[in-house]
Amino acid sequence: MNDMTAIAIPDGSKPDHWATDQEVRWCPGCGDYAILKAVQRTMPEIGAKPENTVFVSGIGCSSRFPYYMETYGFHTIHGRAPTIATGIKLANPELDVWIITGDGDGLSIGGNHMLHLLRRNLDVQLLLFNNEIYGLTKGQASPTSRTGTKSPSTPFGSVDRPVNPCAFALGAGGRFIARTIDTAQKHIPTILKRAHANKGTSFVEIYQNCIVYNDDVFAAFTDKKNAANTQLWAEHGKPLLFANGTKGLRLNTATVELEVIDIIEGATEVVLIHDETNRMLAQLLIDMPFGEFPMALGVLYCDPAPSFETAVIEQNHAVAKGKKADLNALIRKGQSWTVHDAATHKM
Amino acid sequence: MATALKDNFESSARLSNHPDAVVVRFAGDSGDGMQLTGGQFTLSSALAGNDFSTFPDFPAEIRAPQGTTFGVSAFQVNFGSSDIETAGDQPDVLIAMNPAALKTNVGDLRPGGLVIADTGEFGQRNLAKAGYTVSPIDDNSLARWQVLAFDISALTLEAVKPFGLGNKEALRCKNMWTLGLSLWMFDRDRAPLIAWLQDKFAKNPVLADANIAALNAGHAYGETAEIGGPLRQWTVDAASVEPGYYRTITGGESLSLGLVAGARLAGLDLFLGSYPITPASPILHALARLKEFGVTSFQAEDEIAAIGAAIGASYAGQLGVTSSSGPGIALKGEAIGLAIITELPLVIVNSQRGGPSTGLPTKTEQSDLYQAIYGRNGDAPLVVLSTSSPTDCFDVAIEAVRLATQFMTPVMLLTDGYIANAAQPWLVPDMDDYEPFPVVFHTEAPAEGKFNPYQRDAETLKRVWVKPGTPGLTHRIGGIEKGFDTGNINYEAANHQKMTDTRANKILGIANHIPDQDIDQGAAGGKLVVVGWGSTYGPIRKAVEAARARGLDVSHIHIRYLWPLPKNLGDLLKSFDKILVPEMNTGQLKTVLRDQYLVDAKPLNKVSGQPFKIAEIEAAIDAELARKG
């Protein structure tokens with residue numbers, strides 16, 4: 001790369017190298033800043049190259065993200081980032097594509113595309129910033145808002161039930177599902193690295209605090225003071241413990257439900273070991289009602305399957321193999337005849 | 001019966017034994033194989049050297065209840081020794097496989113024309129389903145036409161008896177029996193059809209033999225039956241056509257091949273994002289098979305995803321194409337705006353059908369012109385092209401690719417259900433005669449300072465096309481107003497004015513890079529010009545030809561470039577006293593012409609789901625010339 005260009009990023013780049021000259025225009029204190037920082041920190045760690053990286057977004061606060069990453073970027077239209085990412089990846093599978101979306105963009109107006117992205121398993125990283133509110137349109141209830149959410153569009157409280165993003169992703173056939181928190185600066189890069197390593201749609205839900213329209217909606221489990229008791233960080237092959245190892249999860253085999261048990265004197269034999277390839281366990285962790293249970297975070301499910309663009313390109317190659325792309329021959333196919341001479345018409 | 005009809009036949013205006021052209025319509029139940037029969041009959045006409053044009057007319061229902069009027073499927077072919085431009089105003093011969101087919105089609109038949117009906121299907125049940133209380137064959141209600149009614153079903157069963165088929169399977173050979181008779185009527189060679197049947201039923205030789213036997217029996221029936229009267233042979237000479245290699249081609253096939261050819265000429269791989277919709281699906285089906293030509297086809301989850309993926313592919317450096325019909329194009333509207341503001345190449349094919357809403361999925365119309373030119377939020381200009389016939393689709397598709405890639409713009413290509421399904425003989429071109437227009441991607445990083453993704457060519461105003469993956473040129477684009485040059489978000493008033501003007505001027509400037517409008521027939525200037533676009537080409541051409549043969553001062557202009565319009569069009573229109581605009585809509589091009597040129601364009605509109613008849617346009621020409629003022 002030409003060192004003269006302002007946007008040349010040296011090998012072993014620092015996070016700052018991934019920032020653009022554009023002024024970041026999120027509200028002061030917005031959780032998006034923390035996520036941006038974490039993504040910029042992750043880029044050097046995964047050995048990303050700016051020219052091979054594309055950030056694609058829809059519409060909403062989170063979707064401004066591409067403007068702040070010194071990579072290729074496409075800020076598209078509401079809900080449609082997965083569709084544009086699909087075209088990009090099918091046209092050039094070498095590109096490393098990240099989709100940035102939110103709860104409204106990804107699960108409401110773009111819910112259909114989310115479903116099909118996940119079932120096809122296109123090789124992209126999808127970061128869903130969930131703040132349970134429409135921020136950019138000034139605070140209406142979103143599809144993840146809890147029942148009873150008061151907002152300008154639901155002044156008497158919302159009456160519809162929210163969607164659980166990770167449950168949606170799992171139901172849609174997603175093969176990599178992770179959950180984290182905007183302020184978990186240590187954990188986000190770990191999860192992003194895992195998401196990046198997975199070949200397929202890596203679905204990462206990030207609880208993101210909207211300081212203006214939905215402040216502290218996640219405080220019950222994001223509050224640092226209480227984090228140990230309210231957060232359960234799942235790690236593959238390790239027991240599902242929280243509260244500094246004093247509590248754990250056990251499967252009640254009679255009811256096929258999880259239950260919280262106290263760990264007495266380190267006796268963890270009955271605690272479930274996290275198996276991220278176990279879809280049933282992922283479902284149980286995702287569905288745990290918060291309060292009675294801690295919030296399950298980390299890589300909840302990872303069971304890789306062939307990615308969509310690989311399958312498409314393999315078929316394209318297989319079908320084309322041995323065939324000559326002769327356009328003149330192609331257009332001459334079909335029911336044909338030759339008129340030899342203008343004077344004699346019969347063939 | 002034959003004797004009585006013979007008298008009637010003699011007294012009617014009718015075909016000579018040696019006509020210039022004949023129009024035959026095959027009509028039957030959806031399950032009777034009429035499209036196949038018509039297609040094969042067309043091929044036999046092509047092989048006999050006739051020029052031809054076809055009009056398949058089938059119901060929206062896949063398997064409508066048997067015997068009902070709404071389940072009738074018809075295929076019309078006009079073939080002859082003269083220049084054929086339409087599927088024909090009125091059939092000369094109607095082959096009706098059941099009462100419903102007779103009922104829904106006989107009204108179109110030319111007075112004195114010939115009806116061939118299968119009485120085996122004229123039982124009480126089928127008559128009732130078609131709404132007849134008495135068989136029309138018996139009550140003299142068909143007196144205006146020649147009727148040849150006999151039990152084709154029984155004759156078919158007899159012919160295929162040796163093959164031991166079940167009754168249902170045996171009766172399915174009826175269409176081949178009818179085709180055999182038709183081949184005899186026009187003195188056609190059976191050999192290619194026999195070869196085709198052997199190939200089609202290669203895995204089931206019994207079915208092949210049964211169908212061939214039915215075909216032969218129908219042919220023999222014509223040869224040996226001493227019915228006389230209406231059943232006789234006609235001789236239709238071969239057309240005087242340019243020597244060369246011909247094939248039959250539908251508009252759907254021609255357009256698909258044109259897109260592939262265009263992509264090759266641009267040096268690009270082609271990406272089609274599409275969602276199934278009538279009558280556009282044949283393009284998806286055709287392109288899905290052409291992977292060795294660098295084609296990736298993607299059947300998306302919906303119309304929006306289809307165009308979204310096409311835009312993504314264009315962004316990544318392929319030729320993005322999306323194909324749909326009016327309702328689908330409506331869904332794509334916002335994404336088309338994104339392609340306009342990000343100034344990416346994109347070809348959007350609209351195979352128009354009757355609207356609004358779901359409208360008439362299988363019937364033709366050209367009522368999406370406003371949608372194409374104006375149908376988006378904001379000032380959102382793009383290029384609009386139209387195809388005028390099945391064979392024309394090939395070159396127009398190439399032109400759409402050229403303009404999209406050379407000017408970094410979406411191009412809307414308007415075709416319609418009639419063109420998509422109709423077939424014509426095509427003098428196949430040599431691709432080596434086409435001038436390539438290779439795309440040059442921008443790869444050079446600026447020596448200093450930032451790269452500006454919206455830097456433009458000073459003359460054409462097109463911006464640079466950079467493929468992600470190119471080192472040193474990382475940049476961001478999107479749907480928010482761009483800063484001139486930089487492409488960064490910019491809300492400034494003066495910038496929006498400048499960008500809106502630039503987008504409009506870029507498209508208008510394309511008028512400098514397209515051919516001047518030509519005159520299809522007649523002089524530049526005079527009493528009347530008939531101005532058309534799209535699939536009205538055939539009937540307008542023939543109507544103007546006929547009017548001019550009668551000494552009338554009328555010319556024909558057919559517009560391919562609908563936006564931007566050719567530079568000389570205004571002057572050309574103003575050189576005529578009167579302007580008549582026939583359209584299969586309520587007057588959309590008429591409005592555009594009035595708006596652009598302040599000319600008194602008069603509409604001639606038809607929205608019946610059927611193409612114009614030549615006679616309808618000729619009558620309008622007469623009326624317009626007779627009108628004072």
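Residues numbered from 1 in each chain as written. Chains lettered and ligands numbered in written order. Predicted model: local features only at pLDDT ≥ 70, side-chain atom pairs only at ≥ 80, totals over all residues. Heavy atoms only, no water.

**Some remarks on helix 9 (residues 205-224) of chain B**
Residues and elements named next belong to chain B. To keep it simple, the criterion reads: Secondary structure elements follow DSSP: runs of H or I no shorter than four residues count as helices, runs of E no shorter than two count as strands, and numbering proceeds from the N terminus. A helix is expected to span 1.5 Å multiplied by its residue count minus one. Summary of the burial criterion: residues with accessible area below 20% of their type's maximum are buried, those above 50% are exposed, and those between are partly exposed, where the area comes from a 1.4 Å probe applied to protein chains only. Two residues qualify as a contact provided that any one of their heavy atoms is within 4.5 Å of a heavy atom in the partner residue.
The end-to-end C-alpha distance of helix 9 is 28 Å, a good match for the 28 Å that 20 residues give at a rise of 1.5 Å each. For helix 9, the set of buried residues is Leu207, Ala208, Ala210, Asn211, Ile212, Ala213, Ala214, Leu215, Gly218, His219, Tyr221 and Gly222. Summarising the contacts, the buried residues of helix 9 are in contact with strand 6 (146-150), helix 5 (152-160), helix 6 (167-171), helix 7 (174-185) and helix 8 (191-200).

**Quick notes on unusual backbone geometry**
All names here are of chain B. The amide bond that connects Gly355 to the next residue, Pro356, takes the cis arrangement and shows omega of 0°. Positive phi outside glycine occurs at Leu461, with the angle close to 70°. If you trace the backbone, Leu461 turns up in the loop between strand 14 (423-427) and strand 15 (476-478). Note on Leu461: relative accessible area 22%, which makes it partly exposed. Look at Asp485: it is not a glycine, yet its phi comes out positive at around 75°. With respect to the secondary-structure elements, Asp485 resides in the loop between strand 15 and helix 18 (493-509). A residue is classified by how much of its surface remains accessible, and Asp485, at 31% relative accessible area, is partly exposed.

**Concerning the confidence of the model for chain A**
Residues and elements named next belong to chain A. Basically, it comes down to this: Confidence of the predictor at the level of single residues is given by pLDDT, which spans 0 to 100.
On average, residues of chain A carry a pLDDT of 94, and 95% of them reach 70 or more. Across residues 1-6 the pLDDT falls below 50, and counting only partners more than four positions away or on other chains, this stretch makes 13 contacts in the model. With pLDDT under 50 throughout, residues 343-347 is counted as low confidence; its partners more than four residues away or in other chains account for 13 contacts.

**Details of the packing of aromatic side chains**
To describe a pair of aromatic rings, you give the distance between the ring centres and the angle between the ring planes. Stated precisely, the cut-off is as follows: Working definition: rings of Phe, Tyr and Trp (its six-membered ring) pair if their centres are within 6.5 Å, and the pair is stacked with planes under 30 degrees apart, edge-to-face with planes over 60 apart, and tilted otherwise. Either the NZ atom of lysine or the CZ atom of arginine qualifies as a charge over a ring when it sits within 6 Å of the ring centre and within 35 degrees of the ring normal.
What the rule picks out here adds up to 28 aromatic pairs over all chains. The interplanar angle of 35° and the centroid separation of 5.7 Å between the aromatic rings of Phe55 of chain A and Phe65 of chain A together place this pair among those described as tilted. Of this pair, Phe55 of chain A sits in strand 1 (residues 53-57) while Phe65 of chain A sits in the loop between strand 1 and strand 2 (72-75); the two residues are ten residues apart in sequence, bridging distant segments of the chain. We note that Phe55 of chain A, like Phe65 of chain A, is buried. With a centroid separation of 6.4 Å and an interplanar angle of 45°, the aromatic rings of Trp337 of chain A and Phe52 of chain B are classed as tilted. With one member in each of two chains, Trp337 of chain A in strand 14 (residues 336-339) and Phe52 of chain B in strand 2 (residues 51-57) form a pair that bridges those chains. Summarising the burial analysis for this pair, Trp337 of chain A and Phe52 of chain B share the class buried. Feature note: the residues Trp26, Tyr33, Phe55, Phe65, Tyr68, Trp98 and Phe129 of chain A constitute an aromatic cluster, connected by ring pairs. The ring of Tyr132 of chain B carries Lys103 of chain B above its face, with NZ or CZ at 5.1 Å from the centroid. Note that Lys498 of chain B overlies the ring of Phe484 of chain B, its terminal NZ or CZ placed 3.9 Å from the centroid.

**Brief notes about the nonpolar core**
Here is the rule we go by: Among the buried residues, those of types Ala, Val, Leu, Ile, Met, Phe, Trp, Tyr and Cys that are joined through side-chain atoms within 4.5 Å form a nonpolar core.
Judged by nonpolar contacts, the single largest core of 162 residues is most densely connected at Leu259, Val531, Leu573, Leu589 and Leu593 of chain B. With ten residues, helix 16 (residues 392-407) of chain B is the largest single contributor of residues to this core. The residues touching Val531 of chain B, leaving out its near neighbours within four places in the chain, are Ile557, Ile559, Leu573, Ile579, Leu580, Val581, Pro582, Leu589 and Leu593 of chain B. Formed by 47 residues, the second largest nonpolar core is a distinct cluster that contains Trp337 of chain A together with Ala46, Phe201 and Trp234 of chain B.

**Looking at the side chain of Asp105 of chain A**
All names here are of chain A. What counts is decided by this rule: When charges are counted, Lys and Arg are positive and Asp and Glu negative, with His and the chain ends excluded. Salt bridge, as used here, is a side-chain nitrogen of Lys or Arg placed within 4 Å of a carboxyl oxygen of Asp or Glu. Contacts described as polar in this section are N or O atom pairs within 3.5 Å, which, within protein, must combine one atom able to donate a hydrogen with one able to accept it, while residues neighboring in sequence count only if both atoms come from side chains.
With respect to the helices, strands and loops of the structure, Asp105 is situated in helix 3 (residues 103-109). Despite its burial, Asp105 pairs with no opposite charge; the closest candidate is Arg80, at 7.5 Å N-O. Polar side-chain contacts of Asp105 include one of 3.0 Å to the side chain of His78. Ignoring sequence-local partners within four residues, the contact set of Asp105 consists of Gly58, Ile59, Ser63, Ile77, His78, Gly79, Ile100 and Gly110.

**What about the packing of helix 10 (residues 251-266) of chain B against helix 16 of chain B?**
Residue and element names in this part refer to chain B. Threshold: Here, axes are lines fitted to C-alpha atoms. For helices the fit covers the stretch in contact, and angles between N-to-C directions go from 0 to 180 degrees. Each crossing gets its handedness from the near helix: less than a right angle anticlockwise from the far helix is left-handed, clockwise is right-handed. The residue classification treats Ala, Val, Leu, Ile, Met, Phe, Trp, Tyr, Cys and Pro as nonpolar and Asp, Glu, Lys and Arg as charged. All others, Gly included, are polar.
Two elements in contact, helix 10 and helix 16, have axes whose closest approach is 7 Å; the angle formed by their N-to-C orientations is 35°. Between helix 10 and helix 16 the crossing geometry is right-handed. Along the contact surface, helix 10 presents Gly251, Ser254, Leu255, Leu257, Gly258, Leu259, Ala261, Gly262, Ala263, Leu265 and Ala266, while helix 16 presents Cys393, Phe394, Ala397, Ile398, Val401 and Thr405. Broken down by class, the residue content of the contact of helix 10 with helix 16 amounts to twelve nonpolar, five polar and no charged.

**Things to note about the sheet that holds strand 12 (residues 383-386) of chain B**
Residues and elements named next belong to chain B. To keep things clear, this is the line we draw: Any two strands between which DSSP finds at least two bridges are classified as paired.
One open sheet holds the seven strands; their spatial order is 9-8-10-11-13-12-18, and the pairing between them is mixed. The outermost strands of the open sheet, each flanked by one partner alone, are strand 9 (295-299) and strand 18 (561-563). Strand-to-strand twist of the sheet, defined as the mean angle between neighbouring strand axes without regard to direction, takes the value 20°. In the sheet, strand 8 (residues 270-274) pairs with strand 10 (residues 319-324) via five bridges, with the strands oriented parallel. Within the sheet, the bridge partner assigned to Leu270 lies in strand 10 and is Leu319.

**A look at the UniProt feature "domain: Thiamine pyrophosphate enzyme TPP-binding" (unreviewed entry) in chain A**
To keep it simple, the criterion reads: UniProt positions are given in the numbering used here, feature names are shortened, and annotations may be inferred rather than shown by experiment.
Annotation from UniProt places "domain: Thiamine pyrophosphate enzyme TPP-binding" (unreviewed entry) at residues 59-206 of chain A. The annotated region residues 59-206 of chain A carries 31% helix and 23% strand content, and the separation between its end C-alpha atoms amounts to 17 Å.

**A word on the interface of chain A and chain B**
Where we set the bar: Note: buried area is the sum, over both parts, of the accessible area (probe 1.4 Å) each one loses when the two are combined.
With 69 residues of chain A at the contact, the number on the chain B side is 82 residues. For the chain A and chain B pair, buried surface summed over both sides reaches about 6200 Å², with 62% attributable to carbon and sulfur atoms. Among the residues of chain A in contact with chain B, Tyr72, Gln335 and Trp337 of chain A are the three that bury the most area, contributing 13% of the side total. The closest approach of N and O atoms between Glu301 of chain B and Arg120 of chain A, which form a salt bridge, is 2.8 Å. The set of elements that each furnish at least two residues to the side of chain A that touches chain B consists of strand 2, helix 2 (81-91), helix 4 (111-120), helix 10 (308-320), helix 11 (327-331) and strand 14 of chain A. The element that contributes the greatest number of residues to the side of chain A that touches chain B is helix 2 of chain A, accounting for seven residues. By residue class, the composition of the side of chain A that touches chain B is 29 nonpolar, 26 polar and 14 charged. Inspection of the sheet shows strand 14 of chain A paired to strand 7 (residues 244-250) of chain B by four bridges, in the antiparallel sense.

**Quick notes on the sheet that holds strand 10 (residues 241-242) of chain A**
All names here are of chain A. Within the open sheet, the three strands sit side by side as 10-11-12. Their pairing is antiparallel. Edge strands, defined here as strands with exactly one partner in the open sheet, are strand 10 and strand 12 (257-262). The sheet contact formed by strand 10 and strand 11 (residues 247-252) spans two bridges and is antiparallel. Within the sheet, the bridge partner assigned to Leu241 lies in strand 11 and is Gly248.

**Some words on the pattern of salt bridges**
Overall, the coordinates contain 34 salt bridges over all chains when judged by the stated rule. Between Glu259 of chain A and Arg250 of chain A there is a salt bridge; the shortest N-O distance is 2.7 Å. Since its relative accessible area comes to 23%, Glu259 of chain A is described here as partly exposed. One salt bridge connects Arg247 of chain B with Glu253 of chain B, and the closest N-O pair in it is separated by 3.7 Å. Assessed through its relative accessible area of 6%, Arg247 of chain B is described here as buried. By sharing partners, the salt bridges in this structure join Asp83, Glu85, Asp520, Arg541, Lys542 and Glu545 of chain B into a single network.

**So, the confidence of the model for chain B**
Keep in mind that low pLDDT regions are not for reading the predicted coordinates in detail. In the predicted model, chain B carries a mean pLDDT of 94, and the fraction of residues at 70 or more is 97%. Note on the complex model: pTM 0.93, ipTM 0.96.

**Regarding the environment of Lys332 of chain B**
All names here are of chain B. Mapped onto the elements of the fold, Lys332 is located in the loop between helix 13 (326-331) and helix 14 (333-341). Expressed as a C-alpha distance, the spacing of Lys332 and Gly88, which sit 244 residues apart in the sequence, is 36 Å. Non-local contacts of Lys332, meaning those with residues more than four positions away in its chain, are made with Glu303, Ala306, Ile307, Thr322 and Ser324.

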